[in-house]
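Here are the chains, one letter per residue:
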Amino acid sequence: MAKETRNVRINVSSNVSTSMNKGTAAAGGLSGALKGVASSASLATGGIKAMTMALISSGVGLLVVGLGALVGGFMTVVKTSKGFATQMSALNAVLGSGGTTEVMAKLTADAKRLGSTTAFTASQVGELQTEFAKLGFTTDQILNVTEATLDLAAAAGTDLAEAAAVAGSTLRGFGLASDQTARVADIMAASFSASSLDMNKFTESMKLVSPISRTLKISIEQSTAALAVMADTGISGSMAGTQLRRVMSDLAMKTGKDFRSSLIMTSERLKNATSDSQKLAIAKELVGDRAKGTVIALAENIEKLDELTAAFDDAGGAAKKMAEERLNNLEGDLTKLSSAWEGF
């Protein structure tokens, strides 16, 4: 029997295309709705702007804006005054029974004066006064040291608490009266610009050196010059302080001379050395193994030591000058303006 071949055609119908068409139509509707919302928002914004302009043009808006600015300014003044009053209360608490009405009136007036003429606000000045009160300074001493310490902080770019601590410890280390604070600040500022010394190096070194310097009657100018010479040769911080006090004390005991004279005697001995090893042996004999490098550096740089000592002797006004130079720009002008505002 012959086979019969049949061709069968199958038509498959799907709803996918129809569903996609419906989805596209729905998305189009949603897009249109969103455009409508955006259009409405734009109209509302335009309406608000128009209403604002109408109010301003009628004078009512100007009154509202003016009142808003006045209230904002008043609230700023209240907040500033409150902060200053809180700071002075903290100072009063530290002073205890010594914080009489008369005393607080003097300190408050000085804080406002300095707040209106320096880069620091009256509240910051009050904080500085509080730091000195914590260090045990009397009212008169606080009044003596505050302005110079502000200059020092501005010149060195450090915070007031650190400036107060180093100024106070240096004064006491050398046995200087509080009215010598400007001298200390000027010497520090001058040394920072003339050598590798900075606030941290000076602090760490001088706290170790000042008691020996005071005992041997070595001035703060010459002591700072010695630290500056050492810093420029790579010896700084607490290491410099430890080694310099050893050099000062050992040379004084072995030569019986003042610091500079003993360095000159040491320099002559080192010049007569026939070799580097003999030079090291002489230095070790004088000040021990650890400080031999320091005594050599100082003895070989007496001329520089003298130059720096003379410069620091004539450093009057250095801190204030450096502080003013740091603020001689737009940012500094804005800082002083802000401080002056709080000073009122």
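Residues numbered from 1 in each chain as written. Predicted model: local features only at pLDDT ≥ 70, side-chain atom pairs only at ≥ 80, totals over all residues. Heavy atoms only, no water.

1. Description of the side chain of Glu221
Next, step 1: Within the secondary structure, Glu221 sits in helix H9 (residues 220–232).
Next, step 2: The class of Glu221 is buried, set by a relative accessible area of 6%.
Next, step 3: Contacts of Glu221, omitting those with residues within four sequence positions, involve Arg183, Ile187, Thr309, Phe312 and Asp313. (Helix = DSSP H or I, 4+ residues; strand = E, 2+ residues; numbered from the N terminus. Buried < 20%, exposed > 50% of the residue type's maximum accessible area, 1.4 Å probe, protein only. Contact = heavy atoms within 4.5 Å.)

2. Quick look at unusual backbone geometry
Next, step 1: Within the chain, Lys217 stands out as a residue other than glycine whose phi angle is a positive 60 degrees.
Next, step 2: Mapping Lys217 onto the fold places it in the loop between helix H8 (199–216) and H9.
Next, step 3: Residue Lys217 is classed as exposed on the basis of its relative accessible area of 75%.

3. What to know about helix H12 (residues 276–287)
Next, step 1: With 12 residues, H12 extends 17 Å from end C-alpha to end C-alpha; this agrees with the ideal 16 Å at 1.5 Å per step.
Next, step 2: For H12, the set of buried residues is Ile282, Ala283, Leu286 and Val287. Looking straight down H12, one finds its buried side chains confined to an arc of 105 degrees; they lie on one side.
Next, step 3: Of the surrounding elements, those touching the buried residues of H12 are helix H10 (237–255), helix H11 (259–271) and helix H13 (292–299). (Expected span 1.5 Å × (residues − 1). Arc of directions from axis to C-beta.)

4. Considerations on the nonpolar core
Next, step 1: Leu244, Phe259 and Leu298 are the most contacted members of the largest nonpolar core, which totals 82 residues.
Next, step 2: If we ignore the near neighbours within four places in the chain, the residues touching Phe259 are Ile218, Gln222, Ala226, Leu244, Val247, Met248, Leu298 and Leu305. (Core = buried A, V, L, I, M, F, W, Y, C linked by side-chain atoms within 4.5 Å.)

5. Some points on the environment of Ser238
Next, step 1: By the secondary structure assignment, Ser238 is in helix H10.
Next, step 2: In this view, Ser238 contacts Glu204 and Leu208; residues no more than four positions away in its chain are not counted.

6. Notes on the packing of H9 against H10
For any two helices packed against each other, the geometry is given by the interaxial angle and the distance between the axes.
Next, step 1: Where H9 meets H10, the closest approach of the two axes is 11 Å, and the angle between their N-to-C directions is 125 degrees. What the angle tells us is that H9 and H10 run oblique. By crossing handedness, the relation of H9 to H10 is classed as right-handed. Taken together, the residues of H10 that come into contact with H9 (itself represented by Ser223, Ala226, Leu227 and Met230) are Ala240, Leu244 and Met248.
Next, step 2: A class-by-class count of the residues in the contact of H9 with H10 yields six nonpolar, one polar and no charged. (Axes fitted to C-alpha atoms, helices over the stretch in contact; angles between N-to-C directions. Parallel < 35°, antiparallel > 145°, perpendicular 65-115°, else oblique. Left-handed = near helix turned anticlockwise from the far one by under 90°. Nonpolar A, V, L, I, M, F, W, Y, C, P; charged D, E, K, R; others polar.)

7. With respect to the side chain of Asp186
Next, step 1: With respect to the helices and strands, the residue Asp186 is situated in helix H7 (residues 181–194).
Next, step 2: As a buried residue without a salt bridge, Asp186 has its nearest oppositely charged side chain in Lys320, at a separation of 8.4 Å.
Next, step 3: A distance of 2.9 Å separates a polar atom in the side chain of Asp186 from the backbone nitrogen of Gly317.
Next, step 4: A distance of 3.0 Å separates a polar side-chain atom of Asp186 from the backbone nitrogen of Ala319. (Lys, Arg positive; Asp, Glu negative; His and termini not counted. Salt bridge = Lys/Arg side-chain N within 4 Å of Asp/Glu carboxyl O. Polar contact = N/O pair within 3.5 Å; in protein donor to acceptor, adjacent residues only side chain to side chain.)

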